[in-house]
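# Coordinate inspection notes
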Amino acid sequence: MNPLGRSHPMVILLYYVSAAVLMTAVSHPLLNGMIWVMSLFYYFSLAGMRKGLRMVWYSLGTGVLCLILNPLLNHRGETLFCMLGGQRITWEAVQYGMHMAVLLLAALLLFACFSYLMTAEKIMTLMGKRMPSFALLFSMILRSVPRAGRDFRMMSSLHGSHPSMWSALMGMVLEDSVARSLSMKSRHYGMGLRSSYYYKRMKGIEICLCLLFAAAVAAPVAGQRLGGLRVRFFPSVRIDSLPVWMWIIFIVFYSLPLLWRGKEGLSWHLSRRRIIGSSIPVKKSRRCT
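Once a new chain begins, its residue numbering starts again from 1 and follows that chain's sequence as written. It should be noted that, the model being predicted, local features are given only for residues of pLDDT at least 70 and side-chain atom pairs only at 80 or more, the latter also being counted only at that level, while totals for whole chains, interfaces and linings use all residues. Neither water nor hydrogens contribute to the side-chain values; these are computed over all heavy atoms in the structure.

Within the chain one finds ten helices and four strands. When the elements of the chain are put in sequence order from the N terminus, they spell out α-α-α-β-β-α-α-α-α-α-β-β-α-α. In what follows, residue pairs with any heavy atoms lying within 4.5 Å of each other are defined as contacts. Within the chain, counting contacts between residues at least 6 apart in sequence, those at least 24 apart form 71% of the total. Each accessible area value is a Shrake-Rupley result obtained with a 1.4 Å probe; residue values ignore everything except the protein chains displayed when judging cover. Split by element, the accessible area of the chain, about 18,400 Å² in all, is 67% carbon and sulfur. Secondary structure follows DSSP: runs of H or I at least 4 residues long count as helices, runs of E at least 2 residues long count as strands, and numbering of each begins at the N terminus.

Further remarks concern empty space enclosed by the protein. Using protein atoms alone on a 1 Å grid, points that fit a 1.4 Å probe yet trap it form a cavity, whereas open point sets bounded by protein on both sides within 12 Å along at least five of seven lines form a pocket; residues with an atom within 4 Å of a point count as lining. Grid points are joined across faces, edges and corners, and a volume is the space filled by probe spheres set on the points. This structure, assessed with the given rule, holds two cavities of 30 Å³ or more. For the largest cavity, the full set of lining residues is Tyr15, Tyr16, Met38, Ser39, Tyr42, Leu110, Cys113, Tyr254, Pro257 and Leu258. Those elements that provide at least two residues to the lining of the largest cavity are α1 (9-26), α2 (29-47), α4 (91-117) and α10 (256-277). Per-element accounting of the lining of the largest cavity gives the leading share, three residues, to α2. In this classification, the charged set is Asp, Glu, Lys and Arg, the nonpolar set is Ala, Val, Leu, Ile, Met, Phe, Trp, Tyr, Cys and Pro, and all remaining amino acids, among them Gly, are polar. Residue composition of the lining of the largest cavity, by class: nine nonpolar, one polar and no charged. Of the pockets and cavities examined, the second largest cavity occupies roughly 30 Å³. As for the second largest cavity, its lining consists of Leu4, Phe213, Leu256, Pro257 and Trp260. Tallying contributions element by element places α10 first for the lining of the second largest cavity, with three residues.

This next bit is on helix α9 (residues 244-254). Because each turn of an α-helix spans 3.6 residues, side chains separated by three or four positions end up pointing in the same direction. Taken as a whole, α9 has its buried residues at Met246, Phe250, Phe253 and Tyr254. Around the axis of α9, the buried residues are gathered within 80° of arc, so they sit on the same side. Every exposed residue of α9 that faces more than 90 degrees away from the buried side is listed here: Val244 and Ile248. Note on exposure labels: buried denotes an accessible area under 20% of the residue type's maximum, exposed denotes more than 50%, and partly exposed covers the range between, all computed with a 1.4 Å probe on protein chains only. This arc is taken over the directions from the axis of the helix to the C-beta atoms.

Okay, the layout of surface pockets next. Put simply, the second largest pocket is a space of about 190 Å³. Among the elements that line the lining of the second largest pocket, the one with the most residues is helix α8 (residues 204-227), at six residues. Taken together, the residues that form the lining of the second largest pocket break down as ten nonpolar, no polar and no charged.

Moving on to the confidence of the model for the chain. Of all residues in the chain, 87% have pLDDT values of 70 or greater, and the mean over the chain is 78. The secondary-structure element of the chain with the lowest mean pLDDT is helix α6 (residues 132-159), recorded at 73, while α2 shows the highest, at 88. Scored from 0 to 100, pLDDT reflects the predictor's confidence in each residue.

All right, on to the pairing of strand β1 (residues 80-84) then. Strand pairing is assigned whenever DSSP identifies at least 2 bridges connecting the two strands. One ladder, built from four bridges, connects β1 with strand β2 (residues 87-90); its direction is antiparallel. Across the sheet, residue Leu80 finds its bridge partner in β2, namely Thr90. Linking β1 to β2, which pair antiparallel, is a turn of two residues; within it Gly85 sits at a positive phi near 65°.

With that out of the way, let us pick up the packing of aromatic side chains. Aromatic rings from Phe, Tyr and Trp, with only the six-membered ring used for Trp, were paired whenever their centres fell within 6.5 Å, and each pair was classed as stacked if the ring planes differed by under 30 degrees, edge-to-face if by over 60, and tilted otherwise. Tallied over the entire structure, the rule returns six aromatic pairs. Measuring from centroid to centroid gives 5.1 Å for Phe253 and Tyr254, while their planes differ by 90°, and the two rings are edge-to-face. Both residues of the pair, Phe253 and Tyr254, count as buried. Put simply, the rings of Tyr15, Tyr16, Phe114, Phe213, Phe253 and Tyr254 touch in pairs and so form one group of aromatic residues.

Now for unusual backbone geometry. One non-glycine residue, Ser27, lies in positive phi territory at about 50°. Residue placement: Ser27 occurs in the loop between α1 and α2.

Right, let's get into a nonpolar patch on the surface. Candidates for patches are residues over 30% relative accessible area with no salt bridge; among them, like charges are joined within 9 Å and nonpolar side chains (Val, Leu, Ile, Met, Phe, Trp, Tyr) within 5 Å. Within this document, salt bridges are pairs made up of a side-chain nitrogen of Lys or Arg and a carboxyl oxygen of Asp or Glu, the two lying within 4 Å of each other. Taken together, the side chains of Val64, Leu65, Leu67, Ile68, Leu69, Leu72, Leu73, Leu84 and Met98 define a hydrophobic patch exposed on the protein surface, amounting to about 840 Å² of accessible area. Tallying contributions element by element places helix α3 (residues 49-73) first for the nonpolar patch, with seven residues. Summarising the element assignment, Leu72 is placed in helix α3.

As for its position among the elements, Ser39 is in helix α2. Judged by its relative accessible area of 7%, Ser39 falls in the buried class. Within the structure, Ser39 has its side chain in polar contact with the backbone oxygen of Ile35 (distance 2.8 Å). The contacts of Ser39, once residues within four sequence positions are left out, are Leu109, Leu110 and Cys113. Between N or O atoms, a polar contact is any pair within 3.5 Å; within protein, one atom must be a potential hydrogen donor and the other a potential acceptor, and residues adjacent in sequence are included only when both atoms are from side chains.

Expected helix span is computed as 1.5 Å times (number of residues minus one). With 25 residues, α3 ought to run about 36 Å at 1.5 Å a step, and its terminal C-alpha atoms sit 36 Å apart, in line with that. Within α3 the residues assigned to the buried category are Gly52, Met55, Val56, Ser59, Gly63, Asn70 and Pro71. If you follow the buried residues of α3, they end up packed against α2, β2 and α4.

Okay, structure coming up:
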């Protein structure tokens, strides 16, 4: 029950590229928080509760680190928050650190959802014909990151977190990459007509979705540039409110995977209830006397 994952790889790629461009171009704190919440719910529906909680734990650690380091390294701003070691800690730097932490968390969750949907087979389908070397390299990177995480958890549970364990983990990652590249080379990947990839033609509705994604990005970015929407933190904080039409576009755009998945889940639930609820009469066999 994952409609976006069954779509053409170009639809998945264009959606998440549009989501990242829209997030960085507008860069509104409330928008970044909304993107983080919706991406978190979608990642929970994709990966499950256990992996979702692990992702939240790791991403929150990164966000807290960004929140702490930014005021210590950035001393711009007009409002003094406190003095620490003879250095000015300004309120504007603290707010900017909060903003960058939420932006980083939202970007991490968007990339996590994208890496979960964009498998190696879809990358080969998307770029195997025109860029075979880059497609192979990108698929190897996406494949090695979760595998390295599984190997790290297994080795740390057995041997603990020692320097020798880290070197062994790095050796395993490099060995797997070399073995995969030699395997593809022995199969003559990228040479002549022996390159194997699955070509999938885009449907009409998928082309319409790509056009809608492009329009959903172009309209708010143009409205921000022409309307004078300002989000700044230095020397003083100024955060303009987003118009209502922008909020409608953002909510519909970023909740599209959840709505799509929920619609299919509801359809499957109703169909299952109709199948289970329909009683099939069973004829009783008559016993011969």
